[in-house]
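# A closer look at the structure
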Amino acid sequence: MTSRLHLILIVAICITLSGLKAQSNQRQKQLLDTEWSFHLGEATNAQQSDYDDANWRSLDLPHDWSIEGDFDQNAVTTGRGGYLPTGVGWYRKVFDWRPNGNPVWIEFGGIYQNSDVWINGHHLGHYPNGYMSFYYDLTPHLVPGQNTIAVRVDNSLQPNTRWYSGSGIYRHVWLHTTHPLHVAPWGTYVTTPVVDSVSALVSVETTIANAGGQKQQAVLRSSILDKEGQERARYESSLVIGAKDTVVIPHALALEQPQLWSVETPDLYKLVSEIEINGQVIDRYTTTFGIRKIEYNPQKGFLLNGVQTKMKGVNLHHGAGSVGAAVPIDMWRRRFQVLKDMGCNAIRTAHNPVAEEFLDLCDEMGFLVMNEVFDEWTGGKVEYGYHKYFEEWSQRDLADFIRRDRNHPSVVMWSAGNEIGEQSRDGGHEILRPLIETFHRLDPTRPVTTGNDHIAADGRSAKLPFLNMLDIVGYNYVDRWHERRELYNIEDKINHPDWLMVGTESVSIYGVRSNYINPFDTTRIRPISTTSLIRAQELWKYISTHDYMIGDFMWTGIDYLGEARWPSKNASSGVIDLCGFPKDSYYFYQSQWTDAPMLHLFPHWNWPGREGEVIPVMAFTNCDTVELFVNDKSFGQKAVQFPRPGNSGGWNRYDEPPVAITTSDLYLTWDVPYTPGVLKAVGHCANGNRLEQTISTTGSPYAIRLTTDKGDISANRQDIAHLTVEVVDREGRLVPTAANEISLQVNGPARLIGFDNGDPTDHTNMKSSDRKVFHGLALGIVQSEDRSGKVIVRATSPGLQAARVTIALFD
């Protein structure tokens, strides 16, 4: 696999689905992820039912074959794709079926990319988009007994993306069955046009499809259930629908004392849509939604439920380190919680549709989402990118994208594209126009933006007709050009006071976790990239003090594979590394985005051979003052306050007492001659809170500490546990310079699906069970099998005390 740049993958599955017939008149949605198999190599006629796939290896979906390969400097994906292999692959699936005349369709959450799907040798269709969900009707082609689904995936044309994409059926697959009269796929549209704390009006449009050959009379019932499952509102109406026809039925439901969805309290409701014929419910379709009010104002920015809310956002790609693009939902849950703890409240889905469960989690955890659909329109950025398909496919992809995602309360803004070349072209707004019209037609409740990187650019500035057509003007790197490094978009606000404005993409604090060696002078210690820190802090000062700025989305929240230059395999622009471990820069944002008292001191204090060398020591904090001690000797107290309070109610009177600040920066720093021992920072807050953090010179690596975020997981082939590996000294302190190689052994009904350390230059295969820790840390991912039992994970390394954890699997 390591030497094959164009991989040929064939996968097959045999599974019996006859259990679905027991309730053939009720909607069924069955996950079809288990017991697949795959084979490398081209397969002639693999779409035919009689193809022999008996010798293939067993695996489960979601599946990303690229992440299983080795990193190769000469890979055709280049640094854009993270130096990993791609190629062509086939998937097959054989199942037993007893046709009963009811509609059956298969839904793919995402296939990267250029997929062709067959059922029993009949070609269902070709779909080029690698990110969007899609489905095919199987009904007319099913036969009694065995049926064969075949999928060909072609990711061989490279480059086709600017970052790591993954390859294969990397998201979930579902089989749907319904009564001939049913709610159409993505067939509900729920809005809340009237909202307050006393009552809410819930508007529902339900698309009903009649796949049968005769006219039908029925009743559509819409019921709203709260999080306890109690019915809170109901509305029903009669309908008549012709054969092979669809109708849209509007309902309006009044709800008293609603629990509003917000960032702090993301309360959710369920809409249950039931179709009834002659007193029998023949279809039941459930839609999760939230009740909230969103407003955008040229002076006040964004308001959620009437409260001015600044979007403190990050950009995220669709992959997750060692598992590539096939990301278990609990990996996102862990990463989202780390972001939440930083104070992040918003996510931009850069730069294509994400999995449905990604948005479900945003709904559940309370994130505001800028939902983005395209990275290219008619102009290409890479040779085989989406611009090849835009003219033919963009309207269908866009419509499906909106219909699929428009019920998510977390989605508060659409993005039609990122750094689109048409922004700077004469007539480029005419390419934007039909996209905007489709957004407004299918969802008039949310505004549309694009991420524009050429506003005020030399020689190719974004055109005014393009920007004026946007509901919200999005700025990628608002401080990039000339005097805008200091003035940002103030000039635009003066010239266009009615523009809504948001920072769609902005610089973060670049760096590799715990790497404190100055890259420009390796003889010196540099705790952080001060250039990017200063740029990020000055931008945040501007964003936070100008109400008309809706918010800002840093690039990026988390490191991601691709957009790299060898020997690096991933971009290091995140404030969280590829494993999900926070970097020091994470705490800068936490100091600005959270109210709970916090203090973070760095760098580590293990610098043998540098005794007497002056090392900058830094602190991020939202305390008012911090005093630094080195081996109990004070190096002085320093103070920070932002924003600085002005007079209120009279001269020299203040609502909030001013602090005698020692810097206008949003961080504190001391120059300290290195001597081994203990750094101690003591922070004091105006409310009386006192914080203390110490960093000690540690001993040599002595033992492994192995911990898990879960003591038990479900035996469902989907659930995962994160294993944090730490190398510690005799006192149990993390050794920040440790680089020991660790072996993980998993015994029991689970398997290791990824093992990484966050080092951009580590080229160890992501599926290897052997890996060095990076600055003392690594992360393993264990996934359950389908039987209960006890899983024992053991971590070993020559010269270190071993460690083990036990995880219980339950049915």
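The structure under discussion appears in the preceding block.
In short, a report on the structure. The structure displayed is predicted, hence computed values, not measured ones. What you see as residue numbers is a count from 1 along each chain, following the sequence as written. In keeping with the predicted nature of the model, local features appear solely for residues at pLDDT of at least 70, side-chain atom pairs appear and are counted solely at 80 or more, and the whole-chain, interface and lining totals rest on all residues. Heavy atoms throughout the structure, all of them, feed into the side-chain values; hydrogens and water do not.

## Some remarks on the side chain of glutamate 376
- Numbering of helices and strands runs from the N terminus; a helix is a DSSP stretch of H or I covering at least four residues, while a strand is a stretch of E covering at least two. Take glutamate 376: it is sitting in the loop between strand S26 (368-372) and helix H3 (390-405).
- Buried charged residue glutamate 376 carries no salt bridge. Nearest counter-charge: arginine 162, at 6.1 Å.
- Within the structure, the side chain of glutamate 376 is placed 3.2 Å from the backbone nitrogen of valine 382, a separation counted as a polar contact.
- In protein, a polar contact requires one atom able to donate a hydrogen and another able to accept it; more generally it is a pair of N or O atoms within 3.5 Å, and residues adjacent in sequence count only if both atoms are side-chain atoms. Of the polar contacts made by the side chain of glutamate 376, one reaches the backbone nitrogen of tyrosine 386; its length is 3.0 Å.
- Contacts were defined at the residue level, with two residues in contact if any of their heavy atoms lie within 4.5 Å. In this view, glutamate 376 contacts Lys381, Val382, Gly385, Tyr386, His387, Phe390 and Ile420; residues no more than four positions away in its chain are not counted. Summary of the burial criterion: residues with accessible area below 20% of their type's maximum are buried, those above 50% are exposed, and those between are partly exposed, where the area comes from a 1.4 Å probe applied to protein chains only. Within this scheme the basic residues Lys and Arg register as positive and the acidic residues Asp and Glu register as negative, but His and the chain ends are omitted. Every case where a carboxyl oxygen of Asp or Glu lies within 4 Å of a side-chain nitrogen of Lys or Arg is listed as a salt bridge.

## Digging into the environment of glutamate 391
- Tracing the sequence through the fold places glutamate 391 in helix H3.
- Assessed through its relative accessible area of 79%, glutamate 391 is described here as exposed.
- Sequence separation between glutamate 391 and isoleucine 431 is 40 residues, and the spatial gap between their C-alpha atoms is 9.9 Å.

## A closer look at the sheet that holds strand S18 (residues 245-256)
- Spatially, the three strands line up as an open sheet ordered S14-S15-S18, and their pairing is antiparallel. Here the strands that pair on one side only, and so sit at the sheet edges, are strand S14 (181-195) and S18. If you compare each strand with its neighbour and ignore which way they point, the axes differ by 20 degrees on average.
- Here a strand pair is declared whenever DSSP counts at least two bridges between the two strands. Bridge count between S14 and strand S15 (residues 199-210): nine bridges; the pairing is antiparallel. Bridge pairing in S15 places valine 190 opposite valine 204. All axes here are fitted lines through C-alpha atoms, helices being fitted over the stretch that makes contact, and every angle between N-to-C directions spans 0 to 180 degrees.

## Concerning unusual backbone geometry
- For the peptide bond that leads from alanine 350 to histidine 351, omega is -10 degrees, which places it in the cis range.
- The residue histidine 351 is located in the loop between strand S25 (346-349) and helix H2 (356-365) in this model.
- A cis geometry characterises the amide bond from phenylalanine 642 onward to proline 643, with omega recorded as -10 degrees.
- Of note in this structure, glutamate 419 is not a glycine but carries a positive phi near 45 degrees.
- Mapping glutamate 419 onto the fold places it in the loop between strand S27 (411-418) and helix H4 (429-442).

## Quick notes on the side chain of arginine 162
- Among the secondary structure elements, arginine 162 is positioned in the loop between strand S11 (145-155) and strand S12 (168-169).
- Within polar-contact distance, the side chain of arginine 162 engages the side chain of aspartate 375 at 2.9 Å.
- In this structure, arginine 162 is in contact with Arg80, His351, Asp375, Lys381, Val382, Asn418 and Glu563, ignoring residues within four places of it in sequence.

## Quick word on the sheet that holds strand S17 (residues 231-241)
- Read from one edge to the other, the open sheet built from four strands follows the order S17-S16-S19-S20, with strand pairing classed as antiparallel. Only two strands of the sheet have a single neighbouring strand rather than two, namely S17 and strand S20 (280-289). Neighbouring strand axes in the sheet, compared pairwise and without regard to direction, differ in orientation by 20 degrees on average.
- Bridge count between strand S19 (residues 269-277) and S20: nine bridges; the pairing is antiparallel. Note on S20: the bridge partner recorded for isoleucine 275 is aspartate 283.

## Structural notes on the packing of aromatic side chains
- Put simply, two rings from Phe, Tyr or Trp (the six-membered ring, in Trp's case) pair if the centres are within 6.5 Å, and we call them stacked under 30 degrees between planes, edge-to-face over 60, tilted for the rest. Enumeration over the complete set of coordinates arrives at 34 aromatic pairs.
- An angle of 80 degrees between the planes, with centres 5.0 Å apart, marks the rings of tryptophan 332 and phenylalanine 358 as edge-to-face. Note that tryptophan 332 is positioned in helix H1 (residues 329-342) and phenylalanine 358 in helix H2, a separation of 26 residues in sequence.
- Their ring planes at 70 degrees and their centres at 5.0 Å tell us that tryptophan 605 and tyrosine 674 sit as a pair that is edge-to-face. In this pair, tryptophan 605 is assigned in the loop between strand S34 (599-602) and strand S35 (614-621) and tyrosine 674 in the loop between strand S38 (668-673) and strand S39 (678-684), connecting sequence segments 69 residues apart. Per residue, the accessibility class of tryptophan 605 equals that of tyrosine 674, and both read buried.
- Three or more aromatic residues joined by ring pairs make a cluster, and in this case those are Phe374, Trp377, Tyr386, Tyr389, Phe390 and Phe466.
- The residue whose ring lies beneath lysine 29 is tryptophan 174, and the NZ or CZ to ring-centre distance is 4.7 Å.
- To sit over a ring, a charge needs its Lys NZ or Arg CZ within 6 Å of the ring centre and within 35 degrees of the ring normal. Sitting over the face of the ring of phenylalanine 71, lysine 569 holds its NZ or CZ atom 5.6 Å from the ring centroid.

## With respect to the nonpolar core
- Here the nonpolar core consists of buried residues drawn from Ala, Val, Leu, Ile, Met, Phe, Trp, Tyr and Cys, with membership extended through side-chain atoms lying within 4.5 Å. Phe108, Phe336 and Met342 are the most contacted members of the largest nonpolar core, which has 133 residues in total.
- Setting aside its immediate chain neighbours within four residues, phenylalanine 336 contacts Leu316, Ile347, Phe358, Leu361, Cys362, Met365 and Phe367.
- Membership of the second largest hydrophobic core comes to 26 residues, among which are Ala721, Val727, Val735 and Val791.

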